[in-house]
Amino acid sequence: MIIVTGANGKLGRVVVEQLLMRVPAEEIGVSVRDPNQAQELRERGVRVRRGDYDDAESLHHAFEGASRVLIVSSGIMGEADIPHGIQQHQTAIDTAKRAGITRVLYTSHIGSSPTSHFAPMIHHAATEKLLRASGMAFTSLRNGYYAASALLLIGGAIKTGELIAPEDGPVAWTAHSDLAEAAAAIISEQKLDGITLNLTGSEAIDMEGIASIASEVLGRTIRRIVVSDEEFRDRMMAQGVPEASINMRMGMFLASRQGDFAQVDSALADLIGRPPKSFREVLKESISQLQG
């Protein structure tokens with residue numbers, strides 16, 4: 001049996017949908033904090049059990065009888081919660097080993113590093129270290145930066161016509177759907193060992209590029225305006241954005257300046273057998289949803 005954690009989330013749910021096209025439903029289980037939200041999966045024959053990274057016994061029950069598990073990274077990835085997030089992943093890995101899991105997949109990220117300016121990358125690097133130490137066979141998916149995150153960056157710009165942000169660097173934006181398809185292929189076919197190559201889109205685009213593509217898609221100009229780090233922080237604070245969220249956003253910009261998310265690789269295209277969705281395609285879909 002294959003278990004997918006976090007299957008009520010955006011990535012986990014799409015992985016399950018991809019698995020349902022590859023293996024019988026009775027060979028798939030999900031570990032979710034709220035089983036009621038996964039009722040539709042249960043009706044389709046998927047085993048649904050409660051599993052919480054803060055509750056090892058619930059995870060052990062959710063992992064029961066399985067041979068493979070996909071650990072979707074914890075939603076607690078902010079700077080203040082780095083120790084908690086790593087402990088959650090430790091619990092999931094330890095429980096998988098205790099439950100007799102023979103292979104673990106983990107959703108890591110391009111730019112994973114213990115010294116990254118972007119807090120989630122510290123979580124990922126620490127978790128990859130835990131996986132190596134576990135003695136279990138594992139695959140750490142170095143996912144490209146989620147293109148959906150661009151919504152946070154361009155939502156206001158679509159309304160105002162100005163994309164205001166500090167200095168940045170190119171990012172290999174990648175679609176959830178492509179990454180989910182790759183994860184399903186890897187876990188169902190038991191492909192790849194250890195840390196993967198970067199699973200990215202086919203191009204790396206900075207804020208200037210986003211503004212240019214958005215202008216073309218919208219048919220009106222979106223101006224890219226560069227502000228200092230201090231001015232960006234002040235703007236965010238004036239808008240009532242929590243300090244932890246501001247730190248996270250600044251961390252992303254600082255890391256992108258260093259090229260942490262810029263590497264482009266063909267590994268994702270090779271896994272899914274076609275070119276990944278372009279940023280333009282994802283942006284068109286996102287803008288359509290925003291305007292809808």
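What you see is a predicted model; the values in this text were computed from it and never measured.

### Brief notes about the overall build of the protein chain
Line of reasoning, step 1. Helix and strand content of the protein chain: twelve helices and nine strands.
Line of reasoning, step 2. Computed over the C-alpha atoms, the radius of gyration of the protein chain is 19 Å, within 12% of the 19 Å expected from 2.2 N^0.38 for a compact globule of 292 residues.
Line of reasoning, step 3. Projected onto the principal axes, the alpha-carbon positions of the protein chain cover approximately 55 × 35 × 35 Å.
Line of reasoning, step 4. Counting all 292 residues of the protein chain, 53% fall into the buried class.
Line of reasoning, step 5. Taking contacts inside the protein chain between residues at least 6 apart in sequence as the whole, the part at least 24 apart equals 76%.
Line of reasoning, step 6. Summed over its atoms, the accessible surface of the protein chain is roughly 12,700 Å², and 49% of this surface lies on carbon and sulfur atoms.
Line of reasoning, step 7. With 29 positive and 36 negative side-chain charges, the protein chain shows a separation of 3 Å between the mean positions of the two kinds.

### Brief notes about the nonpolar core
Line of reasoning, step 1. The biggest cluster of nonpolar side chains holds 35 residues, and the ones touching the most others in it are W173, I210, M252, F261 and F279.
Line of reasoning, step 2. Broken down by element, the residue count for this core peaks at six residues, all from helix α8 (residues 207-218).
Line of reasoning, step 3. Beyond its immediate sequence surroundings of up to four residues, F261 is in contact with H109, I110, G111, F118, M121, Y145, P170, V171, A172, M252, A255 and S256.
Line of reasoning, step 4. In this structure, A7, V15, V48 and I186 belong to the second largest nonpolar core, which totals 32 residues.

### So, the environment of E203
Line of reasoning, step 1. Within the fold, E203 resides in the loop between β8 (194-195) and α8.
Line of reasoning, step 2. Separated by 161 residues in the primary sequence, E203 and R42 have C-alpha atoms spaced 38 Å apart.
Line of reasoning, step 3. When sequence neighbours within four positions are dropped, the list of residues in contact with E203 reads V171, A172, W173, V264, S278 and F279.

### Thoughts on the sheet that holds strand β2 (residues 28-32)
Line of reasoning, step 1. If you trace the seven strands from one edge of the open sheet to the other, you get β3-β2-β1-β4-β5-β6-β8, paired in parallel fashion. In the strand order of this sheet, the two ends are held by β3 (47-50) and β8, each with one partner.
Line of reasoning, step 2. Pairing between strand β6 (residues 137-143) and β8: two bridges, direction parallel. Its bridge partner being in β8, T139 is matched across the sheet by G194.
Line of reasoning, step 3. Across the sheet, helix α3 (residues 56-63) is in contact with β1 (2-5), β2, β3 and β4 (68-71); its angle to β3 comes to roughly 170 degrees.
Line of reasoning, step 4. Its contacts with the sheet put helix α5 (residues 119-134) on β5 (103-109), β6 and β8, and the angle it makes with β5 is roughly 160 degrees.

Basis of the calculations
- Residues numbered from 1 in each chain as written.
- Predicted model: local features only at pLDDT ≥ 70, side-chain atom pairs only at ≥ 80, totals over all residues.
- Heavy atoms only, no water.
- Helix = DSSP H or I, 4+ residues; strand = E, 2+ residues; numbered from the N terminus.
- Rg over C-alpha atoms; globule rule 2.2 N^0.38 Å.
- Buried < 20%, exposed > 50% of the residue type's maximum accessible area, 1.4 Å probe, protein only.
- Contact = heavy atoms within 4.5 Å.
- Areas by Shrake-Rupley, 256 points an atom, 1.4 Å probe, with all protein chains shown as cover.
- Lys, Arg positive; Asp, Glu negative; His and termini not counted.
- Charge placed at Lys NZ, Arg CZ, Asp CG, Glu CD.
- Core = buried A, V, L, I, M, F, W, Y, C linked by side-chain atoms within 4.5 Å.
- Pairing = 2+ DSSP bridges.
- Axes fitted to C-alpha atoms, helices over the stretch in contact; angles between N-to-C directions.

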